[in-house]
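Single-letter residue listing:
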Amino acid sequence: MKYAYEDLGDTRFEELVVALCRRLLGMATQGFAKGPDGGRDAKFVGTAELLPSSQAPWSGTVIVQAKHTYGYNRSFSETDFFNPKSTNNIIGEEIQRIKKLRVAKQLDHYMLFANRKLTGGAESSIRARISKECGIPEPSIMLCGIEQLEGWLKDFPAVASQVNLDPIDSPLIVSPDQLSEVVQALARHLKSTASVVDTPPTDRTKYETKNILNKMTPEYAKELRRRYLKDTAQVKAFLAAPENADLLGLYESVVEEFQLSIIGKRKDYQTFDEVMNHLVRLLLERDPLLRANKTLTRVMLFYMYWNCDIGEGEDATTY
């Protein structure tokens, strides 16, 4: 995935959708301000330029809905979005809105954008449900997930610049997937063993020096050390165990990604306190397994910092 759609927020995601629809449907696509119903819709009236194809375009009124989520790695098939046995979900609520527009003869075709993964099975089921409930022919319904968004942004690269959707300038973004696997394995290990290593590993750069280099405040550094230093020896022993070679490889991939992301975006943060807090918040928001192991997630980040795997050390020059 080229862009971090989950970090755009509702307004910027709507701007992206409207900008794309102006290319796909026509420049007459109109975006709307947030109304009492919380809708973030767009509307196009006329003959579409490219949808569903230039040879057989839609004609009439096209209503566009943008459904943004801050969640990471979400999908259309999750029950909060669509449940064929319930109306208490996003699609269920949308159907009621579509019905009203159909009765008022204000909707001929319908598009729904969401920053979620869309499988073929979910696409077929949701289209069929909307068609049946609202009396819209299935060919007049289009669902657009992350995969479709990526494809259209490749076709219309200027749209990304138009809405300032630049991956280089996006916030400090890291993937939680590999760290999640390491943290889960470490959590299982700690539950199955009663051993405790009392002597923490030696920091590769003196802690006080590293904090100065990285602009971590003394109060924040002291609190991190008080809370998590006692656990770092167990992390080091766990990663060094021969049977955990694959997990060590995952850990090394994680720190490489984190460090390069931090180097690229460090200028956006006044202190390393902010960097650490941002990483923790991002990881916990994006991954439910990390969220279930909050303390261990913080331990792992502290270990990365203490071990000089992330952040600046004495051998570094400048960001």
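Rules used in this analysis
Residues numbered from 1 in each chain as written. Predicted model: local features only at pLDDT ≥ 70, side-chain atom pairs only at ≥ 80, totals over all residues. Heavy atoms only, no water. Helix = DSSP H or I, 4+ residues; strand = E, 2+ residues; numbered from the N terminus. Expected span 1.5 Å × (residues − 1). Buried < 20%, exposed > 50% of the residue type's maximum accessible area, 1.4 Å probe, protein only. Contact = heavy atoms within 4.5 Å. Pairing = 2+ DSSP bridges. Phe/Tyr/Trp six-rings, centres within 6.5 Å; stacked < 30°, edge-to-face > 60°. Lys NZ or Arg CZ within 6 Å of the ring centre and 35° of its normal. Core = buried A, V, L, I, M, F, W, Y, C linked by side-chain atoms within 4.5 Å. Disulfide = S-S within 2.5 Å.

## Observations concerning helix α1 (residues 9–24)
The terminal C-alpha atoms of α1, which comprises 16 residues, lie 23 Å apart, in line with the 22 Å expected from a rise of 1.5 Å per residue. For α1, the full list of buried residues reads Gly9, Phe13, Glu14, Leu16, Val17, Val18, Ala19, Leu20, Cys21 and Leu24. The secondary structure elements touched by the buried residues of α1 are β1 (30–31), β2 (41–47), β3 (59–67), β4 (109–114), α4 (146–155) and α5 (157–162). Looking at the residues trailing α1, positive phi occurs at Gly26, about 155 degrees.

## Digging into the sheet that holds β3
Spatially, 5 strands are ordered β1-β2-β3-β4-β5 in an open sheet, and the strand pairing comes out mixed. Since the sheet does not close on itself, it has two edges, and those belong to β1 and β5 (141–144), each with one partner. In this structure, β1 lies alongside β2, joined through 2 bridges in antiparallel fashion. Bridge pairing in β2 places Gln30 opposite Lys43.

## Here's the deal with the packing of aromatic side chains
Throughout the structure, instances matching the rule amount to 9 aromatic pairs. With centroids separated by 6.3 Å and ring planes inclined at 80 degrees, the aromatic side chains of Tyr207 and Tyr305 adopt a geometry described as edge-to-face. Placement of Tyr207 in helix α7 (residues 207–214) and of Tyr305 in helix α12 (residues 294–306) is noted, with a sequence separation of 98 residues between them. When its relative accessible area of 4% is taken as the criterion, Tyr207 is described as buried. With a relative accessible area of 0%, Tyr305 lands in the buried category. Here Tyr228 and Phe302 contribute two aromatic rings whose centre-to-centre distance is 6.3 Å and whose plane-to-plane angle is 45 degrees, an arrangement assigned as tilted. Taken as a pair, Tyr228 in helix α8 (residues 218–240) and Phe302 in helix α12 lie far apart in primary sequence, 74 residues in all. For Phe302, a relative accessible area of 0% puts it in the buried group. Linked through ring pairs, Tyr207, Tyr228, Phe272, Phe302, Tyr305 and Trp306 together constitute an aromatic cluster. It is Lys210 that lies over the ring of Tyr305; its NZ or CZ is 4.6 Å from the centre.

## Observations concerning the pairing of β3
Of all 9 residues in β3, 8 are buried, a share of seventy percent or more. The sheet contact formed by β3 and β4 spans 6 bridges and is parallel. Among the inter-strand pairings, Val62 is bridged to a residue of β4, identified as His109.

## Focus: the pairing of β2
As defined by bridge partners, β2 adjoins β3 across 7 bridges and the pair is classed as antiparallel. Bridge pairing links Ala42 to Val64 in β3.

## Let's talk about the nonpolar core
Among the nonpolar cores identified, the biggest contains 45 residues, and Leu179, Met216, Phe258, Met276 and Met304 are the most heavily contacted of them. Within the residue set of this core, elements represented by two or more residues are α6 (177–192), α8, α9 (245–265), α10 (272–286) and α12. Broken down by element, the residue count for this core peaks at 9 residues, all from α12. The contact partners of Met304, leaving out residues within four places of it in the chain, are Leu179, Tyr251, Val254, Val255, Phe258, Asp309 and Ile310. Of all hydrophobic cores here, the second largest spans 33 residues; its members include Val17, Cys21, Phe113 and Val159.

## Observations concerning the environment of Arg102
With respect to the helices and strands, Arg102 occurs in helix α2 (residues 90–103). It is 42 Å that separates the C-alpha atoms of Arg102 and Ser175, two residues lying 73 residues apart in sequence. Ignoring anything within four residues of it in the chain, the contact list for Arg102 reads Leu107, Asp108, Cys134, Gly135 and Ile136.

## Focus: the state of the cysteines
Summed over all chains, the structure comprises 0 disulfides. Considering cysteine sulfurs only, Cys144 is the nearest to Cys21, which forms no disulfide, with 7.3 Å between them. For Cys21, a relative accessible area of 0% corresponds to the buried category. Of the residues examined, Cys144 reaches a relative accessible area of 0% and is grouped as buried.

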